[in-house]
Amino acid sequence: MKKTLLTLTTAVALGLFSMYSYAADPIVIKFSHVVAPDTPKGKAADKFKTLAEEKTKGAVKVEVYPNSTLYKDKEEMEALQMGAVQMLAPSLAKFGPLGVKEMEVFDLPYIFRGYDDLHKVTQGEVGKTLLSKLEAKGVKGLAFWDNGFKIMSANKPLKAVEDYKGLKMRIQSSKVLEAEMKALGTNPQVIAFGETYQALQTGVVDGTENPPSNLYTQKMHEVQKNATVTNHGYLGYAVITNKDFWEKLPEDVRKGLDEALKESTDYANQIAKEENEKALEAVKASGKTEVYVPTEDETKAMQKALAPVHAEMAERIGKETIDAVYKATGFDPSK
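A brief report on the enclosed structure follows. (Residues numbered from 1 in each chain as written. Predicted model: local features only at pLDDT ≥ 70, side-chain atom pairs only at ≥ 80, totals over all residues. Heavy atoms only, no water.)

### What to know about the pattern of salt bridges
Link 1 in the chain: Counting across every chain of the model gives 22 salt bridges.
Link 2 in the chain: In this structure, Arg113 engages Asp117 in a salt bridge whose closest nitrogen and oxygen atoms are separated by 2.6 Å.
Link 3 in the chain: Residue classification places Asp117 among the buried positions, given a relative accessible area of 7%.
Link 4 in the chain: The residue Glu274 makes a salt bridge to Lys278 at a minimum N-O spacing of 3.2 Å. One end of the pair, Glu274, and the other, Lys278, are both in helix α11 (residues 251–286), four residues apart, so they sit about a helical turn from each other. (Salt bridge = Lys/Arg side-chain N within 4 Å of Asp/Glu carboxyl O. Buried < 20%, exposed > 50% of the residue type's maximum accessible area, 1.4 Å probe, protein only. Helix = DSSP H or I, 4+ residues; strand = E, 2+ residues; numbered from the N terminus.)

This is how it looks when you write it as structure tokens:
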């Protein structure tokens, strides 16, 4: 009886000590990202902060750093691997330079016909397999967050494929996006997201591709006279953390963070489409950018021009990965 009481007393004391330790010295998670707070990713990061602190009962404190205030595009991945920051949500194009080239499958033009196709991948077995490939790099993949489908912009109308020829187009660092732009006859330029507005304003580049929410919140529409709703490619994010950091977290804390991630992912994906629709209307209303919706024939011409990129990138990305996406979505590259 005395032994049982002593054990119970010790357990309660340890529990109180644990609770006190969390309250007095919470685990700090620095969450860095490169977009504005009012974008889908920015809002989802803030949502995760609220949910994580709530579900861990204060054991975790999340500090969100938007707009590249902590790290820029090229710096943040290394910072995560070194443990200087604990969470990121980089665009999927960032994982090719990291050595996980399979993730570049998301950059292939016209591979997703819409969100339904996309979610068959990101919320299915293909998505789980892709996230697991990050672990060899010391990175734990936690979830996919949508941003949206990209539109083209420039200081000239972009209707026919020929209209792209000779333009200097800003892209993320991605061999797939580079191949895509070259297939259209443009001269692709890799420029950090936070530096794109200035590059457009000063004429370093002529145009770019972005979901409307990024175009609008970064004020790129103020320095782009034309935009075409091509919806030719997808821009999404993988929420990631330092693998060692994640595995050393107390189990109850990790459970709370998992719950927060699930709810914030549902929220992120729910608002992405809505936010992009609002942003596109705001771009139109600004009067600074002429927004053009291509005809069916113009879209087919773009698809035909970009179709060879799939075969060209098969060796880099891996034919097995591309075929797995085709199978999950029913995509037929010959159509």
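So that's the structure; there's more coming.
### Thoughts on the nonpolar core
Link 1 in the chain: Counting residues in each nonpolar core, the largest one holds 44 residues, and the members touching the most others are Phe31, Phe48, Val62, Met87, Trp145, Val239 and Leu257.
Link 2 in the chain: Of all the secondary structure elements, the ones that give two or more residues to this core are β1 (27–32), α2 (40–55), β2 (60–65), β4 (139–149), α8 (196–202), β10 (234–242), α10 (243–248) and α11.
Link 3 in the chain: Examining the composition of this core, we find that seven residues originate from one element, α11, more than from any other.
Link 4 in the chain: Residue contacts for Phe31: discarding those within four places in its chain leaves Ala45, Phe48, Val62, Glu63, Val64, Tyr65, Val85, Met87, Leu88, Ala89 and Trp145.
Link 5 in the chain: Of all hydrophobic cores here, the second largest spans 39 residues; its members include Leu80, Leu88, Ala179 and Ala314. (Core = buried A, V, L, I, M, F, W, Y, C linked by side-chain atoms within 4.5 Å. Contact = heavy atoms within 4.5 Å.)

### A word on the sheet that holds strand β3 (residues 87–88)
Link 1 in the chain: Spatial ordering of the open sheet is given by β2-β1-β3-β10-β4, a layout of five strands whose pairing is mixed. Two strands bound the open sheet, and with one partner strand each, they are β2 and β4.
Link 2 in the chain: Sheet topology note: the β1/β2 ladder contains six bridges and is parallel. In the sheet register, Lys30 faces β2, and the bridge partner there is Glu63. (Pairing = 2+ DSSP bridges.)

Nothing here speaks to function; it is geometry throughout.
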